[in-house]
Amino acid sequence: MRNKSVLSEAKQIQLASELIKLGARLQVLEANSNLSRERLVKLYKEITGVSPPKGMLPFSEDWFTSWQPNMHSSLFINIYKYLTSYTDTHGIEAVIKGYKLYLEHIEASQLDQVLSLTRAWTLVRFIDSKILSLAPCSQCAGDFVVHTLELHSRHVCGLCNIPSRAGKTKKYSQVIASETQQLSAA
Ligand SMILES: [Zn+2]
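Residues numbered from 1 in each chain as written. Predicted model: local features only at pLDDT ≥ 70, side-chain atom pairs only at ≥ 80, totals over all residues. Heavy atoms only, no water.

Draft legend 1. Geometry of the overall build of the chain. Looking only at helices and strands, the chain has seven helices and two strands in total. Across the chain, helices and strands are ordered from the amino to the carboxyl terminus as α-α-α-α-α-α-β-β-α. Buried residues in the chain amount to 43% of all 186 residues. Long-range pairs, those at least 24 residues apart, make up 57% of the contacts in the chain between residues at least 6 apart in sequence. (Helix = DSSP H or I, 4+ residues; strand = E, 2+ residues; numbered from the N terminus. Buried < 20%, exposed > 50% of the residue type's maximum accessible area, 1.4 Å probe, protein only. Contact = heavy atoms within 4.5 Å.)

Draft legend 2. Examining the pattern of salt bridges more closely. Per the stated rule, a full pass over the model turns up three salt bridges. Note that R39 and E9 form a salt bridge whose closest N and O atoms lie 2.6 Å from each other. Of this pair, R39 sits in helix α3 (residues 37–48) while E9 sits in helix α1 (residues 6–21), placing them 30 residues apart in sequence. Of the residues examined, R39 reaches a relative accessible area of 36% and is grouped as partly exposed. (Salt bridge = Lys/Arg side-chain N within 4 Å of Asp/Glu carboxyl O.)

Draft legend 3. Looking closely at the nonpolar core. Core analysis: the biggest nonpolar cluster contains 48 residues, and L19, L29, F76, I77, V95, Y102 and L123 have the highest contact counts within it. Secondary structure elements with two or more residues in this core: α1, α2 (26–31), α3, α4 (67–86), α5 (91–108), α6 (117–128), β2 (143–147) and α7 (170–185). Top element by residues in this core is α4. It accounts for eight residues. Looking at this core, you find at least three residues from each of domain 1 (6–48) and domain 2 (61–185). With sequence-adjacent residues up to four places away left out, L19 is seen in contact with A24, L29, N32, I92, I96 and L117. (Core = buried A, V, L, I, M, F, W, Y, C linked by side-chain atoms within 4.5 Å. Domains from an automatic or database assignment.)

Draft legend 4. Quick look at the coordination of the zinc ion. The protein atoms that coordinate the zinc ion are C137 (SG), C140 (SG), C157 (SG) and C160 (SG), at distances spanning 2.3 Å. Around the zinc ion, the four donor atoms are arranged such that angles at the metal cover 103 to 112 degrees; this shape is classified as tetrahedral. On the basis of relative accessible area, C160 is assigned to the partly exposed category, the value being 31%. (Donors = N, O, S within 2.8 Å, 3.2 Å for Na, K, Ca; no water. Tetrahedral: all angles 85-135°; square planar, octahedral: opposite > 155°, others 65-115°.)

That's the geometry; what it means functionally is another story.
What follows is the structure in structure tokens.
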């Protein structure tokens, strides 16, 4: 601890600050930083003006496969996969970069932000641990997040099979469809 390089500590603080600004929960910071919990809490308070929310992360993998979250999760993970496959970005850096690009897409298309940074990070962990996977839609060929146990060759995504209650989101779905297909084709 005493010998820790100032430069590496500065990098750690910069990374944690960036994660906090993007809305990361404390658990995400702790998993991606060598800084002590006390310092992370202090940093969190300094940046946001409030204490970090307490308690466990509430996320189950089912969230990522429900209709609207699935569109956003699939968009993000396609960006993330692109970054880790075709650039030398990886790990938490790729999550941050991918998440910022996801936000840009959402903003440019005037869509609500559905996926939080903490959920994006959780999604990558579920994919890495093979709880969730990516499956190509048999109709549009875009890649979408599915339960690994439910992987099958005739997957039809939520955009090609829009639930009737999602009627007003037609335009919305077209935007996401074109984004995910462009990324999948890249
Ligand atoms: Zn489809």
